[in-house]
Amino acid sequence: MTARQAPVDLRSDTLTRPTPGMRAAMADAEVGDDVYGEDPTVNALEAEVAALLGHEAGLFTPTGSMANMLGVRSLVGAGEELLCDSLAHVVRAELGGHAVLGQVTTRTWSAPRGLLDAEVPLAMATPDAGPHLVSTAAIAVENTHNFGGGTVQPIEQLRRLREGAAAQGIGVHLDGARLWNAHVATGIPLAEYGACADTVSVCLSKGLGAPIGSVLVSGAERIAAARVWRKRYGGGMRQVGVLAAAGRYALAHHVARLVDDHVRGRRLAEAVAAVRPELVEPAAVETNIVVLDLSATGRSATGPSATGLSATEVAAAAKAEGVAISVLGPRTLRLVTHLDVDDAAVEHAAAVLTKVLAG
Ligand SMILES: Cc1ncc(COP(=O)(O)O)c(C=O)c1O
């Protein structure tokens, strides 16, 4: 065990706890019944996020999954098709919600590191393909890309996607759970990202450190319809200004600091690459997520990994030294930096991972 004993939790940026300042803002929040549209703090949050992203209106939802489902269902009708990459959160991690609740079918393309090449989905799209083929109604893109390793999508690809999709009469949904990270990493205004999609979801409960909450933004009519569906899904909330206040606090205080998470993510990648350069390319780590590919030596997914260890074994060895990391697959690990991980914690994690991976 290295000198620092406090456990370090790198499993996800959803693990943060509200700061004292955030708790004070929650305690002081003005509230009302949001199902009646009368919670002033929720209304202010929705307007603020919509304005930041350059859209007409916003809708506060309890989760990013619900914001994604409401956005996608507003673009894709029952039995129609959503295209997304095969690592996308909407298809891998929302437990089939788009299919079960939205009656949406999906078709995927393969995107190394989740990186968008707009021409790929644009070439796959089959709008108005009935009655023999499924008609494509929308394309989803994720920025930053979670399972891709916090990848920032190139703005020119996003612009091309929107332009090409519009030309085919289909929509674009942006899963921007971590759009704040992309904005901070590139300096590109949020509204420029917002202009690349018909519907955008953003999360307040990931890197920004709020305990709950996402916002879906789009045109006023689409959001009015999504508000009805939110209630139908059981997501009509009452005096949730206390939660929206945490989100507003996060927007005011926790966006610019994401750069610290990005520096710490790169630091972790460098520590790993120093002993196992085949597992990760530090220069490709742009934000707060580091994905380690244990099969990156070109060996088979089921044969021995680069380290000789499975992802589960590496995670267990790190856990025994007080560092929690996520297993994404038999050969894939994920480390995520966040508000509750400081420089000392990162140095401890770097030392432990170096030891475990050097084996
Ligand atoms: C890219 C992405 N989109 C959407 C979500 C869903 O958010 P929630 O867990 O609030 O449903 C997540 C959650 O981690 C995510 O990483």
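Our subject is the structure that appears above.
Structural notes, computed from the coordinates. (Residues numbered from 1 in each chain as written. Predicted model: local features only at pLDDT ≥ 70, side-chain atom pairs only at ≥ 80, totals over all residues. Heavy atoms only, no water.)

### Points about the packing of helix α14 (residues 311–320) against helix α15 (residues 343–358)
Then, number 1: In the contact formed by α14 and α15, the axes pass within 10 Å of each other and the chain directions differ by 135°. When the axes of α14 and α15 are compared, the pair comes out oblique. The element α14 and its partner α15 pack so that their crossing is right-handed. Contacts between α14 and α15 involve Val314, Ala317 and Ala318 on the former and, on the latter, Val352, Leu353, Val356 and Leu357.
Then, number 2: Its residues assigned to classes, the contact of α14 with α15 shows seven nonpolar, no polar and no charged. (Axes fitted to C-alpha atoms, helices over the stretch in contact; angles between N-to-C directions. Helix = DSSP H or I, 4+ residues; strand = E, 2+ residues; numbered from the N terminus. Parallel < 35°, antiparallel > 145°, perpendicular 65-115°, else oblique. Left-handed = near helix turned anticlockwise from the far one by under 90°. Contact = heavy atoms within 4.5 Å. Nonpolar A, V, L, I, M, F, W, Y, C, P; charged D, E, K, R; others polar.)

### A closer look at the side chain of Glu46
Then, number 1: With respect to the helices and strands, Glu46 occurs in helix α2 (residues 40–53).
Then, number 2: Within the structure, the side chain of Glu46 is placed 2.8 Å from the backbone nitrogen of Phe60, a separation counted as a polar contact.
Then, number 3: Beyond its immediate sequence surroundings of up to four residues, Glu46 is in contact with Gly58, Leu59, Phe60, Arg227 and Arg230. (Polar contact = N/O pair within 3.5 Å; in protein donor to acceptor, adjacent residues only side chain to side chain.)

### Notes on the site of the ligand
Then, number 1: Every residue near the ligand is listed here: Thr63, Gly64, Ser65, Asn68, His89, Glu94, Glu142, Asn146, Asp175, Ala177, Arg178 and Lys206.
Then, number 2: Between the ligand and the protein, one listed contact pairs an oxygen atom with a backbone N or O atom of Gly64 at 2.8 Å.
Then, number 3: Between Ser65 and the ligand, the recorded distance is 2.6 Å, taken from a side-chain N or O atom to an oxygen atom.
Then, number 4: Look at the ligand: alone it shows 390 Å² of surface, and the protein chains cover 83% of it. (Near = heavy atom within 4 Å. Areas by Shrake-Rupley, 256 points an atom, 1.4 Å probe, with all protein chains shown as cover.)

### Topic: the sheet that holds strand β11 (residues 326–329)
Then, number 1: The three strands are arranged β9-β12-β11 in an open sheet whose pairing can be described as antiparallel. With partners counted over all chains shown, the strands left at the sheet margins are β9 (289–293) and β11, one partner each. Here the average twist between neighbouring strands, direction ignored, is 30°. (Pairing = 2+ DSSP bridges.)

### Here we look at unusual backbone geometry
Then, number 1: The peptide bond linking Gly130 to Pro131 adopts the cis configuration, its omega dihedral lying at 5°.
Then, number 2: When you line up the elements, Pro131 lands in the loop between α6 (119–124) and β5 (136–142).
Then, number 3: For the peptide bond that leads from Asn143 to Thr144, omega is 0°, which places it in the cis range.
Then, number 4: The backbone phi angle of Gln103 is positive, close to 55°, even though this residue is not glycine.
Then, number 5: Examined against the element boundaries, Gln103 turns out to sit in the loop between α5 (97–100) and β4 (105–109).
Then, number 6: A positive phi is found at Arg113, a non-glycine position, where the angle reads about 60°.
Then, number 7: For Arg113, the position within the fold is in the loop between β4 and α6.
Then, number 8: By relative accessible area, Arg113 is classed as partly exposed at 35%. (Buried < 20%, exposed > 50% of the residue type's maximum accessible area, 1.4 Å probe, protein only.)

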